[in-house]
Amino acid sequence: MLTAVEIEALRLSLQVALVAVAASLPLAIGVAWLLARCEFPGKTLLDTVVHLPLVLPPVVIGYGLLVLFGTQGPVGGWLHESFGLRLIFTRWGAALAAAVMAFPLMVRAIRLALEAIDRGLESAARTLGASRLDVFFTVTLPLMLPGIVSGGIVAFAAALGDFGATITFVGNVPGETQTLSLAIYSLTQTPDGDAAAARLVLIALALAVGALYASELAARRVRLYIGRA
Amino acid sequence: MKLPAFLLALAMIWLLAPTARASDAAPPVTVFAAASLQDALETLARRYREQTGRALRFSFASSSVLARQIEQGAPAAIFASADERWMDHLQERGLLAAGTRASLLGNRLVLVVPAARALNLDLTPGFDFAAVLGSDGRWVTGDPSHVPVGRYAQQALTTLGAWPLAQTRLVRAENVRVALAFVERGEASAGIVYETDARASTRVRVAGVFPADSHAPISYPFAVLARHDSAAARDFLRFLSSDAAREVWRGHGFGVR
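Computed from a predicted structure; not experimentally measured. All residue numbers refer to position in the chain's written sequence, counted from 1. Going through the entries in the order they are written, you letter the chains from A and number the ligands from 1. In keeping with the predicted nature of the model, local features appear solely for residues at pLDDT of at least 70, side-chain atom pairs appear and are counted solely at 80 or more, and the whole-chain, interface and lining totals rest on all residues.

J.: Could you give an account of the overall build of chain A, naming the residues involved and the relevant values?
T.: When helices and strands are counted, chain A shows ten helices and zero strands. Considering only C-alpha atoms, chain A reaches an extent of 70 × 40 × 30 Å along its principal axes. Throughout, a pair of residues is in contact if the C-beta atoms placed from their backbones lie within 7 Å. Put simply, 75% of the contacts in chain A that link residues at least 6 apart link residues at least 24 apart. Numbered from the N terminus, helices here are DSSP runs of H or I no shorter than four residues, and strands are runs of E no shorter than two.

Following this line, the structure appears as C-alpha coordinates:
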(Lines give C-alpha, C1' and ligand atoms only; values in the text may rest on other atoms or scores of the structure.)
Protein backbone atom coordinates (compact mmCIF):
# COMPACT_ATOMS: atom_id res chain seq x y z
CA MET A 1 0.00 0.00 0.00
CA LEU A 2 2.21 2.80 1.30
CA THR A 3 5.97 2.64 1.47
CA ALA A 4 7.86 3.45 4.65
CA VAL A 5 8.90 6.84 3.24
CA GLU A 6 5.28 7.77 2.53
CA ILE A 7 4.07 6.69 5.97
CA GLU A 8 6.93 8.72 7.44
CA ALA A 9 5.82 11.80 5.51
CA LEU A 10 2.21 11.32 6.63
CA ARG A 11 3.12 10.89 10.30
CA LEU A 12 5.45 13.86 10.19
CA SER A 13 2.78 16.01 8.55
CA LEU A 14 0.24 15.17 11.24
CA GLN A 15 2.76 15.73 14.02
CA VAL A 16 3.96 19.05 12.63
CA ALA A 17 0.41 20.32 12.05
CA LEU A 18 -0.73 19.28 15.53
CA VAL A 19 2.22 20.94 17.23
CA ALA A 20 1.73 24.05 15.11
CA VAL A 21 -1.94 24.43 16.03
CA ALA A 22 -1.57 23.49 19.71
CA ALA A 23 1.36 25.85 20.26
CA SER A 24 -0.23 28.84 18.55
CA LEU A 25 -3.74 28.40 19.98
CA PRO A 26 -3.20 30.42 23.21
CA LEU A 27 -1.61 33.24 21.20
CA ALA A 28 -4.42 33.12 18.66
CA ILE A 29 -7.05 33.42 21.41
CA GLY A 30 -5.16 36.34 22.91
CA VAL A 31 -4.81 38.16 19.60
CA ALA A 32 -8.43 37.48 18.66
CA TRP A 33 -9.50 38.92 22.02
CA LEU A 34 -7.41 42.05 21.43
CA LEU A 35 -8.86 42.57 17.99
CA ALA A 36 -12.46 41.85 19.00
CA ARG A 37 -12.70 43.56 22.36
CA CYS A 38 -10.07 46.28 22.60
CA GLU A 39 -9.36 49.59 21.01
CA PHE A 40 -5.77 50.76 21.03
CA PRO A 41 -3.37 52.71 18.82
CA GLY A 42 -1.88 50.36 16.25
CA LYS A 43 -4.87 48.03 16.20
CA THR A 44 -5.14 48.21 12.42
CA LEU A 45 -1.43 47.52 12.17
CA LEU A 46 -1.80 44.41 14.31
CA ASP A 47 -4.73 43.29 12.20
CA THR A 48 -2.65 43.77 9.04
CA VAL A 49 0.40 41.95 10.39
CA VAL A 50 -1.73 39.01 11.55
CA HIS A 51 -3.27 38.69 8.09
CA LEU A 52 0.00 39.04 6.16
CA PRO A 53 0.59 35.28 5.77
CA LEU A 54 -2.73 35.11 3.93
CA VAL A 55 -1.65 37.51 1.23
CA LEU A 56 2.12 37.38 1.07
CA PRO A 57 3.73 34.71 -1.11
CA PRO A 58 4.52 31.78 1.19
CA VAL A 59 8.15 31.84 0.01
CA VAL A 60 8.44 35.37 1.40
CA ILE A 61 7.21 34.15 4.79
CA GLY A 62 9.67 31.26 4.62
CA TYR A 63 12.49 33.63 3.73
CA GLY A 64 11.57 35.94 6.60
CA LEU A 65 11.59 32.98 9.00
CA LEU A 66 14.97 31.92 7.61
CA VAL A 67 16.45 35.35 8.24
CA LEU A 68 14.97 35.62 11.75
CA PHE A 69 15.04 32.06 13.02
CA GLY A 70 17.95 30.50 11.16
CA THR A 71 21.01 29.79 13.30
CA GLN A 72 22.60 32.93 11.88
CA GLY A 73 19.54 35.05 12.56
CA PRO A 74 18.82 37.20 15.63
CA VAL A 75 16.23 34.94 17.28
CA GLY A 76 17.48 31.63 15.95
CA GLY A 77 21.08 32.47 16.84
CA TRP A 78 20.07 33.30 20.42
CA LEU A 79 18.09 30.05 20.71
CA HIS A 80 21.01 28.06 19.35
CA GLU A 81 23.61 29.63 21.61
CA SER A 82 21.53 29.69 24.79
CA PHE A 83 19.64 26.42 24.55
CA GLY A 84 21.32 24.50 21.76
CA LEU A 85 17.93 24.65 20.07
CA ARG A 86 17.93 24.56 16.29
CA LEU A 87 14.81 25.35 14.30
CA ILE A 88 16.14 25.19 10.77
CA PHE A 89 16.17 21.72 9.19
CA THR A 90 14.07 20.36 12.09
CA ARG A 91 10.42 19.44 12.60
CA TRP A 92 10.08 22.31 15.11
CA GLY A 93 11.04 24.77 12.41
CA ALA A 94 8.51 23.09 10.11
CA ALA A 95 5.90 23.49 12.87
CA LEU A 96 6.81 27.18 13.19
CA ALA A 97 6.43 27.73 9.45
CA ALA A 98 3.09 25.91 9.41
CA ALA A 99 1.92 27.81 12.51
CA VAL A 100 2.70 31.20 10.96
CA MET A 101 0.83 30.33 7.78
CA ALA A 102 -2.20 29.01 9.65
CA PHE A 103 -2.32 31.74 12.31
CA PRO A 104 -4.56 34.23 10.47
CA LEU A 105 -7.16 31.57 9.83
CA MET A 106 -7.30 30.67 13.50
CA VAL A 107 -7.50 34.27 14.60
CA ARG A 108 -10.32 35.04 12.17
CA ALA A 109 -12.44 32.10 13.32
CA ILE A 110 -11.94 32.81 17.01
CA ARG A 111 -12.54 36.52 16.56
CA LEU A 112 -15.81 35.82 14.79
CA ALA A 113 -16.91 33.55 17.61
CA LEU A 114 -15.99 36.22 20.14
CA GLU A 115 -17.88 38.93 18.33
CA ALA A 116 -20.97 36.74 18.19
CA ILE A 117 -21.17 36.37 21.96
CA ASP A 118 -23.94 38.30 23.68
CA ARG A 119 -22.15 40.76 25.97
CA GLY A 120 -25.30 40.83 28.05
CA LEU A 121 -24.51 37.39 29.37
CA GLU A 122 -21.10 38.55 30.54
CA SER A 123 -22.58 41.65 32.16
CA ALA A 124 -25.16 39.51 33.90
CA ALA A 125 -22.41 37.30 35.31
CA ARG A 126 -20.57 40.40 36.57
CA THR A 127 -23.68 41.74 38.30
CA LEU A 128 -24.04 38.35 39.98
CA GLY A 129 -20.58 38.83 41.49
CA ALA A 130 -18.20 36.99 39.17
CA SER A 131 -14.69 38.44 38.71
CA ARG A 132 -13.47 39.26 35.21
CA LEU A 133 -11.34 36.13 35.12
CA ASP A 134 -14.27 34.06 36.32
CA VAL A 135 -16.47 35.53 33.61
CA PHE A 136 -13.87 34.63 30.99
CA PHE A 137 -13.47 31.02 32.03
CA THR A 138 -17.09 30.23 32.89
CA VAL A 139 -19.03 32.29 30.37
CA THR A 140 -16.89 33.57 27.49
CA LEU A 141 -14.61 30.64 26.86
CA PRO A 142 -17.33 27.97 26.73
CA LEU A 143 -19.28 30.15 24.29
CA MET A 144 -16.11 30.62 22.22
CA LEU A 145 -15.28 26.94 22.21
CA PRO A 146 -17.02 25.91 18.98
CA GLY A 147 -15.25 28.81 17.21
CA ILE A 148 -11.93 27.73 18.68
CA VAL A 149 -12.50 24.16 17.58
CA SER A 150 -13.61 25.23 14.12
CA GLY A 151 -10.66 27.61 13.75
CA GLY A 152 -8.28 25.03 15.07
CA ILE A 153 -9.40 22.44 12.56
CA VAL A 154 -9.14 24.83 9.60
CA ALA A 155 -5.73 25.89 10.83
CA PHE A 156 -4.76 22.22 11.12
CA ALA A 157 -5.72 21.64 7.50
CA ALA A 158 -3.82 24.75 6.40
CA ALA A 159 -0.77 23.71 8.41
CA LEU A 160 -0.90 20.25 6.81
CA GLY A 161 -0.87 21.77 3.37
CA ASP A 162 1.91 24.32 3.72
CA PHE A 163 4.69 24.07 1.16
CA GLY A 164 6.40 27.35 0.26
CA ALA A 165 7.19 28.56 3.75
CA THR A 166 8.29 25.10 4.89
CA ILE A 167 10.63 24.31 2.03
CA THR A 168 12.21 27.78 2.06
CA PHE A 169 12.79 27.83 5.80
CA VAL A 170 13.53 24.26 6.87
CA GLY A 171 14.33 22.61 3.56
CA ASN A 172 13.52 19.09 2.50
CA VAL A 173 14.78 16.57 5.05
CA PRO A 174 13.00 13.21 4.91
CA GLY A 175 11.98 12.22 8.41
CA GLU A 176 12.39 15.72 9.84
CA THR A 177 10.78 18.27 7.55
CA GLN A 178 9.52 16.33 4.56
CA THR A 179 5.81 16.76 5.10
CA LEU A 180 3.20 15.48 2.65
CA SER A 181 3.46 18.50 0.35
CA LEU A 182 7.24 18.28 0.17
CA ALA A 183 7.13 14.55 -0.38
CA ILE A 184 4.65 14.95 -3.24
CA TYR A 185 6.82 17.69 -4.74
CA SER A 186 9.92 15.48 -4.61
CA LEU A 187 8.09 12.50 -6.04
CA THR A 188 6.68 14.41 -9.01
CA GLN A 189 10.24 15.16 -10.08
CA THR A 190 11.64 11.69 -9.48
CA PRO A 191 11.58 9.64 -12.68
CA ASP A 192 9.14 6.93 -11.57
CA GLY A 193 7.54 8.78 -8.72
CA ASP A 194 4.16 9.52 -10.28
CA ALA A 195 2.32 6.55 -8.75
CA ALA A 196 3.62 7.28 -5.27
CA ALA A 197 2.85 10.97 -5.71
CA ALA A 198 -0.71 10.12 -6.72
CA ARG A 199 -1.19 8.02 -3.58
CA LEU A 200 0.03 10.84 -1.37
CA VAL A 201 -2.17 13.35 -3.23
CA LEU A 202 -5.22 11.21 -2.46
CA ILE A 203 -4.26 11.03 1.21
CA ALA A 204 -3.70 14.78 1.36
CA LEU A 205 -7.07 15.29 -0.29
CA ALA A 206 -8.81 12.97 2.17
CA LEU A 207 -7.23 14.74 5.13
CA ALA A 208 -8.15 18.18 3.83
CA VAL A 209 -11.75 17.20 3.03
CA GLY A 210 -12.12 15.50 6.41
CA ALA A 211 -10.75 18.52 8.24
CA LEU A 212 -12.96 21.00 6.41
CA TYR A 213 -16.03 18.82 6.99
CA ALA A 214 -15.27 18.57 10.71
CA SER A 215 -14.71 22.32 10.82
CA GLU A 216 -18.08 22.94 9.19
CA LEU A 217 -19.81 20.71 11.72
CA ALA A 218 -18.17 22.66 14.54
CA ALA A 219 -19.20 25.94 12.92
CA ARG A 220 -22.81 24.78 12.81
CA ARG A 221 -22.70 24.28 16.57
CA VAL A 222 -21.63 27.90 16.92
CA ARG A 223 -24.76 28.98 15.10
CA LEU A 224 -26.83 26.79 17.37
CA TYR A 225 -25.28 28.41 20.42
CA ILE A 226 -25.95 31.87 19.02
CA GLY A 227 -29.55 30.86 18.46
CA ARG A 228 -29.89 29.69 22.05
CA ALA A 229 -28.05 32.65 23.52
CA MET B 1 -17.00 61.22 -11.06
CA LYS B 2 -15.97 61.42 -14.71
CA LEU B 3 -12.21 61.91 -14.43
CA PRO B 4 -11.41 58.98 -12.08
CA ALA B 5 -13.47 56.65 -14.24
CA PHE B 6 -11.67 57.85 -17.36
CA LEU B 7 -8.25 57.38 -15.75
CA LEU B 8 -9.23 53.91 -14.62
CA ALA B 9 -10.30 53.00 -18.13
CA LEU B 10 -7.01 54.31 -19.48
CA ALA B 11 -5.06 52.26 -16.92
CA MET B 12 -6.98 49.11 -17.83
CA ILE B 13 -6.32 49.62 -21.53
CA TRP B 14 -2.62 50.12 -20.90
CA LEU B 15 -2.43 46.98 -18.76
CA LEU B 16 -4.39 44.76 -21.10
CA ALA B 17 -3.04 45.92 -24.47
CA PRO B 18 -0.48 43.62 -26.06
CA THR B 19 2.97 45.18 -25.93
CA ALA B 20 4.43 46.10 -29.31
CA ARG B 21 8.19 46.04 -29.71
CA ALA B 22 10.29 48.01 -32.16
CA SER B 23 11.88 44.93 -33.75
CA ASP B 24 8.93 42.60 -33.47
CA ALA B 25 10.46 39.97 -35.70
CA ALA B 26 10.66 36.37 -34.46
CA PRO B 27 9.44 35.36 -31.00
CA PRO B 28 12.32 34.97 -28.52
CA VAL B 29 13.99 31.57 -28.32
CA THR B 30 13.20 29.92 -25.00
CA VAL B 31 16.06 28.08 -23.32
CA PHE B 32 15.56 25.70 -20.42
CA ALA B 33 18.91 25.31 -18.68
CA ALA B 34 20.36 23.71 -15.57
CA ALA B 35 20.66 26.08 -12.62
CA SER B 36 24.45 25.90 -12.60
CA LEU B 37 24.60 27.41 -16.10
CA GLN B 38 22.77 30.58 -15.13
CA ASP B 39 25.60 33.10 -14.84
CA ALA B 40 27.50 31.97 -17.93
CA LEU B 41 24.38 31.72 -20.08
CA GLU B 42 23.15 35.16 -19.08
CA THR B 43 26.53 36.61 -20.06
CA LEU B 44 26.39 34.76 -23.37
CA ALA B 45 22.83 35.87 -24.01
CA ARG B 46 23.88 39.49 -23.59
CA ARG B 47 26.72 39.00 -26.09
CA TYR B 48 24.40 37.25 -28.51
CA ARG B 49 21.90 40.07 -28.27
CA GLU B 50 24.62 42.64 -28.94
CA GLN B 51 25.74 40.71 -31.98
CA THR B 52 22.43 39.70 -33.51
CA GLY B 53 19.78 41.79 -31.76
CA ARG B 54 17.86 38.62 -30.92
CA ALA B 55 16.46 38.22 -27.42
CA LEU B 56 16.36 34.96 -25.50
CA ARG B 57 14.16 33.76 -22.69
CA PHE B 58 15.54 31.55 -19.97
CA SER B 59 14.17 29.23 -17.36
CA PHE B 60 16.79 28.03 -14.89
CA ALA B 61 15.99 25.14 -12.58
CA SER B 62 17.11 21.64 -11.82
CA SER B 63 17.51 19.62 -15.03
CA SER B 64 15.00 17.16 -13.61
CA VAL B 65 12.26 19.77 -13.23
CA LEU B 66 12.93 21.17 -16.71
CA ALA B 67 12.97 17.77 -18.38
CA ARG B 68 9.62 16.89 -16.80
CA GLN B 69 8.15 20.22 -17.90
CA ILE B 70 9.38 19.66 -21.46
CA GLU B 71 7.90 16.19 -21.37
CA GLN B 72 4.57 17.75 -20.43
CA GLY B 73 4.76 20.17 -23.35
CA ALA B 74 6.55 23.24 -22.03
CA PRO B 75 7.48 25.49 -24.98
CA ALA B 76 11.26 25.33 -24.84
CA ALA B 77 13.38 25.44 -27.96
CA ILE B 78 16.69 24.46 -26.36
CA PHE B 79 17.43 22.24 -23.36
CA ALA B 80 20.75 22.31 -21.52
CA SER B 81 21.00 19.55 -18.93
CA ALA B 82 23.56 18.96 -16.18
CA ASP B 83 23.68 15.27 -16.83
CA GLU B 84 23.27 12.88 -19.73
CA ARG B 85 20.50 10.92 -18.02
CA TRP B 86 17.90 13.68 -18.23
CA MET B 87 18.78 14.33 -21.87
CA ASP B 88 18.45 10.58 -22.50
CA HIS B 89 15.04 10.79 -20.81
CA LEU B 90 13.89 13.22 -23.50
CA GLN B 91 15.67 11.43 -26.32
CA GLU B 92 13.92 8.17 -25.46
CA ARG B 93 10.63 10.02 -25.84
CA GLY B 94 11.59 11.36 -29.26
CA LEU B 95 11.57 14.98 -28.13
CA LEU B 96 14.98 16.03 -29.45
CA ALA B 97 15.63 17.47 -32.90
CA ALA B 98 17.85 14.90 -34.61
CA GLY B 99 21.54 15.69 -34.82
CA THR B 100 21.47 18.70 -32.49
CA ARG B 101 22.56 16.97 -29.28
CA ALA B 102 26.13 17.72 -28.24
CA SER B 103 27.98 17.67 -24.93
CA LEU B 104 30.26 20.67 -24.78
CA LEU B 105 30.93 21.28 -21.13
CA GLY B 106 32.33 19.55 -18.10
CA ASN B 107 32.57 20.53 -14.47
CA ARG B 108 34.08 19.41 -11.19
CA LEU B 109 32.34 18.46 -7.97
CA VAL B 110 33.45 20.26 -4.82
CA LEU B 111 32.75 20.24 -1.11
CA VAL B 112 32.06 23.77 0.12
CA VAL B 113 31.78 25.29 3.58
CA PRO B 114 30.77 28.78 4.71
CA ALA B 115 33.55 31.23 3.85
CA ALA B 116 34.40 31.99 7.47
CA ARG B 117 35.41 28.40 8.08
CA ALA B 118 39.01 27.48 7.27
CA LEU B 119 38.89 23.89 6.16
CA ASN B 120 40.97 21.97 3.66
CA LEU B 121 40.36 18.31 3.03
CA ASP B 122 41.82 15.61 0.92
CA LEU B 123 38.76 13.86 -0.44
CA THR B 124 40.07 10.33 -0.44
CA PRO B 125 38.38 7.05 0.52
CA GLY B 126 37.59 7.02 4.24
CA PHE B 127 37.85 10.78 4.77
CA ASP B 128 36.25 12.07 7.95
CA PHE B 129 32.89 13.50 6.89
CA ALA B 130 31.60 13.43 10.46
CA ALA B 131 34.27 15.96 11.44
CA VAL B 132 33.08 18.27 8.68
CA LEU B 133 29.52 18.20 9.99
CA GLY B 134 30.11 18.40 13.71
CA SER B 135 27.70 16.83 16.17
CA ASP B 136 24.45 18.26 14.87
CA GLY B 137 25.33 19.87 11.58
CA ARG B 138 23.71 19.10 8.25
CA TRP B 139 24.99 19.28 4.74
CA VAL B 140 23.08 20.16 1.61
CA THR B 141 23.04 19.29 -2.06
CA GLY B 142 20.44 18.78 -4.77
CA ASP B 143 17.96 16.00 -4.06
CA PRO B 144 19.86 12.82 -5.08
CA SER B 145 16.66 11.21 -6.29
CA HIS B 146 16.48 13.52 -9.30
CA VAL B 147 18.82 16.52 -9.26
CA PRO B 148 22.07 15.88 -11.22
CA VAL B 149 24.41 17.43 -8.64
CA GLY B 150 22.79 15.29 -5.96
CA ARG B 151 23.30 12.18 -8.04
CA TYR B 152 26.98 13.00 -8.59
CA ALA B 153 27.31 13.77 -4.87
CA GLN B 154 25.80 10.44 -3.85
CA GLN B 155 28.10 8.61 -6.26
CA ALA B 156 31.17 10.43 -4.98
CA LEU B 157 30.34 9.92 -1.30
CA THR B 158 29.50 6.27 -1.89
CA THR B 159 32.84 5.71 -3.62
CA LEU B 160 34.65 7.38 -0.73
CA GLY B 161 32.71 5.43 1.88
CA ALA B 162 30.96 8.41 3.50
CA TRP B 163 27.42 7.90 2.14
CA PRO B 164 25.89 5.88 5.04
CA LEU B 165 26.62 8.69 7.48
CA ALA B 166 26.04 11.47 4.98
CA GLN B 167 22.63 10.18 4.01
CA THR B 168 21.27 10.66 7.53
CA ARG B 169 22.29 14.32 7.67
CA LEU B 170 21.36 15.45 4.20
CA VAL B 171 19.11 18.39 3.38
CA ARG B 172 17.71 17.91 -0.12
CA ALA B 173 17.54 21.11 -2.15
CA GLU B 174 15.54 21.57 -5.37
CA ASN B 175 18.62 22.59 -7.30
CA VAL B 176 22.29 23.32 -6.85
CA ARG B 177 21.79 27.08 -6.38
CA VAL B 178 19.40 26.56 -3.47
CA ALA B 179 21.99 24.24 -1.92
CA LEU B 180 24.67 26.89 -2.42
CA ALA B 181 22.45 29.50 -0.76
CA PHE B 182 22.06 27.39 2.38
CA VAL B 183 25.84 27.13 2.73
CA GLU B 184 26.29 30.83 1.99
CA ARG B 185 23.91 31.62 4.83
CA GLY B 186 25.91 29.48 7.20
CA GLU B 187 22.86 27.36 7.99
CA ALA B 188 24.32 24.22 6.45
CA SER B 189 27.74 23.11 7.73
CA ALA B 190 28.74 22.01 4.26
CA GLY B 191 27.43 21.45 0.79
CA ILE B 192 28.32 19.67 -2.40
CA VAL B 193 28.03 21.83 -5.50
CA TYR B 194 29.80 22.31 -8.80
CA GLU B 195 33.14 24.09 -8.86
CA THR B 196 31.59 26.76 -11.08
CA ASP B 197 28.95 27.55 -8.43
CA ALA B 198 31.60 27.84 -5.72
CA ARG B 199 33.52 30.25 -7.93
CA ALA B 200 30.44 32.36 -8.49
CA SER B 201 29.97 32.91 -4.78
CA THR B 202 32.09 34.96 -2.39
CA ARG B 203 30.44 33.53 0.71
CA VAL B 204 31.60 29.94 0.44
CA ARG B 205 35.02 28.39 0.17
CA VAL B 206 36.04 25.13 -1.41
CA ALA B 207 37.14 22.64 1.24
CA GLY B 208 38.03 19.94 -1.24
CA VAL B 209 37.57 18.72 -4.80
CA PHE B 210 36.12 15.27 -5.41
CA PRO B 211 38.36 13.07 -7.55
CA ALA B 212 36.97 12.83 -11.06
CA ASP B 213 36.86 9.05 -10.87
CA SER B 214 34.70 9.02 -7.73
CA HIS B 215 31.59 9.86 -9.75
CA ALA B 216 30.25 9.69 -13.30
CA PRO B 217 31.86 12.30 -15.55
CA ILE B 218 29.99 15.59 -15.26
CA SER B 219 28.75 16.41 -18.71
CA TYR B 220 26.34 19.08 -19.96
CA PRO B 221 24.49 17.96 -23.09
CA PHE B 222 22.72 20.68 -25.10
CA ALA B 223 20.04 20.01 -27.71
CA VAL B 224 17.29 21.65 -29.74
CA LEU B 225 13.81 20.34 -28.99
CA ALA B 226 11.92 18.94 -31.96
CA ARG B 227 8.60 20.63 -31.21
CA HIS B 228 10.10 24.12 -31.27
CA ASP B 229 12.92 23.60 -33.72
CA SER B 230 13.80 26.79 -35.57
CA ALA B 231 16.68 28.43 -37.40
CA ALA B 232 16.97 30.94 -34.56
CA ALA B 233 17.30 28.16 -31.99
CA ARG B 234 19.94 26.31 -33.98
CA ASP B 235 21.83 29.55 -34.52
CA PHE B 236 22.01 30.22 -30.79
CA LEU B 237 23.14 26.66 -30.16
CA ARG B 238 25.93 27.13 -32.68
CA PHE B 239 26.86 30.38 -30.95
CA LEU B 240 27.17 28.55 -27.64
CA SER B 241 30.00 26.42 -29.00
CA SER B 242 31.75 29.23 -30.89
CA ASP B 243 35.27 30.30 -29.91
CA ALA B 244 34.00 33.47 -28.28
CA ALA B 245 31.53 31.45 -26.23
CA ARG B 246 34.22 28.97 -25.19
CA GLU B 247 36.15 31.87 -23.67
CA VAL B 248 33.13 32.72 -21.54
CA TRP B 249 32.55 29.12 -20.47
CA ARG B 250 36.19 28.74 -19.45
CA GLY B 251 36.08 32.10 -17.70
CA HIS B 252 33.29 30.78 -15.48
CA GLY B 253 35.21 27.62 -14.68
CA PHE B 254 33.59 25.08 -16.96
CA GLY B 255 35.72 22.46 -18.69
CA VAL B 256 35.30 22.79 -22.44
CA ARG B 257 35.65 19.90 -24.89
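J.: Kindly report on the overall build of chain B, identifying the contributing residues and their values.
T.: Along its length, chain B carries eleven helices and eleven strands. In terms of its C-alpha atoms, chain B occupies a principal-axis envelope of roughly 70 × 55 × 35 Å. In chain B, once contacts between residues fewer than 6 apart in sequence are set aside, the share between residues at least 24 apart is 77%.

J.: Give a detailed account of the pairing of strand β8 (residues 190–194) of chain B, specifying residues and quantitative values.
T.: Residues and elements named next belong to chain B. Buried, partly exposed and exposed are defined by the number of other C-beta atoms within 10 Å of a residue's own C-beta, namely 20 or more, between the two limits, and 12 or fewer respectively, with C-beta atoms placed from the backbone. Counting buried residues in β8 gives five out of five residues, a clear majority hidden from the surface. Pairing between strands is defined by DSSP: at least two bridges between them are needed. Looking at chain direction, strand β5 (residues 109–114) and β8 are connected through four bridges and run antiparallel. Across the sheet, the residue bridging to V112 is G191, located in β8. Both strand β6 (residues 139–142) and β8 contribute to a ladder of two bridges, which runs parallel. Each residue of the ladder has a partner; that of W139, found in β8, is A190.

J.: Describe the interface of chain A and chain B, listing the residues and the values that go with them.
T.: Each side of the interface is counted separately: chain A has 13 residues, and chain B has 15 residues. When the residues that make up the side of chain A that touches chain B are grouped by side-chain class, the tally is four nonpolar, eight polar and one charged. Think of it as three bins: nonpolar holds Ala, Val, Leu, Ile, Met, Phe, Trp, Tyr, Cys and Pro, charged holds Asp, Glu, Lys and Arg, and polar takes everything else, Gly as well.

J.: How would you explain the sheet that holds β6 of chain B if you had to name every residue and give the values?
T.: All names here are of chain B. Strand order in this open sheet of five strands is β7-β6-β8-β5-β9, and the pairing throughout is mixed. Of all the strands in the sheet, just β7 (170–173) and β9 (204–209) have a single pairing partner and so form its edges. With strand direction ignored, the average angle separating the axes of adjacent strands in the sheet is 35 degrees. Relative to β9, β5 runs antiparallel, the two sharing five bridges. Its bridge partner being in β9, V110 is matched across the sheet by V209. Structural elements are reduced to axes, namely lines fitted to C-alpha atoms, with helices fitted over the stretch in contact, and the angle between N-to-C directions of any two is expressed from 0 to 180 degrees.

J.: Tell me about the pairing of strand β4 (residues 102–106) of chain B, and name the residues and values.
T.: Residue and element names in this part refer to chain B. Here β4 runs beside strand β10 (residues 219–224); their pairing, made up of four bridges, is antiparallel. By the bridge assignment for β10, A102 is matched with F222. Sheet topology note: the β4/strand β11 (residues 255–256) ladder contains two bridges and is antiparallel. By the bridge assignment for β11, G106 is matched with G255.

J.: Quick one: what's the story with the domain arrangement of chain B, residue by residue and with numbers?
T.: Residue and element names in this part refer to chain B. Note that domain bounds follow an automatic or database assignment of domains. Under the domain assignment, chain B is made up of domain 1 (25–106 + 219–256) and domain 2 (109–214). Taking the mean C-alpha position of each, domain 1 and domain 2 sit 26 Å from one another. At the interface, 14 residues of domain 1 touch 16 residues of domain 2. Grouping the constituent residues of the side of domain 1 that touches domain 2 by class yields six nonpolar, six polar and two charged.

J.: Kindly report on unusual backbone geometry, identifying the contributing residues and their values.
T.: Of all residues except glycine, most have a negative phi; of all peptide bonds, most are trans. All names here are of chain A. For F89, which is not a glycine, the phi torsion comes out positive at approximately 65 degrees. Summarising the element assignment, F89 is placed in the loop between α4 (74–83) and α5 (91–115). Overall, F89 belongs to the buried group, with 27 C-beta atoms counted inside 10 Å.

J.: Now, about the confidence of the model for chain B: what can you tell me, with residues and values included?
T.: pLDDT is a residue-level measure of predictor confidence that goes from 0 to 100. Taken as a whole, chain B shows an average pLDDT of 91; of its residues, 96% reach a score of 70 or greater. Taken together, the chains of this predicted complex give a pTM of 0.84 and an interface ipTM of 0.80.

J.: Describe the nonpolar core, naming the residues involved and giving the relevant values.
T.: One finds A98, A102 and A159 of chain A together with I78 of chain B to be the most contacted residues of the largest nonpolar core, which totals 141 residues. In terms of residues, this core owes the most to one element, α5 of chain A, which gives 17 residues. Here this core spans two domains, and each of domain 1 (25–106 + 219–256) and domain 2 (109–214) of chain B adds at least three residues to it. Residues in contact with A98 of chain A, not counting those within four places in the same chain, are V16, A17, A20, A159, D162 and T166 of chain A. Connectivity within a nonpolar core runs through C-beta atoms within 7 Å, and the core itself is a set of buried Ala, Val, Leu, Ile, Met, Phe, Trp, Tyr and Cys residues.

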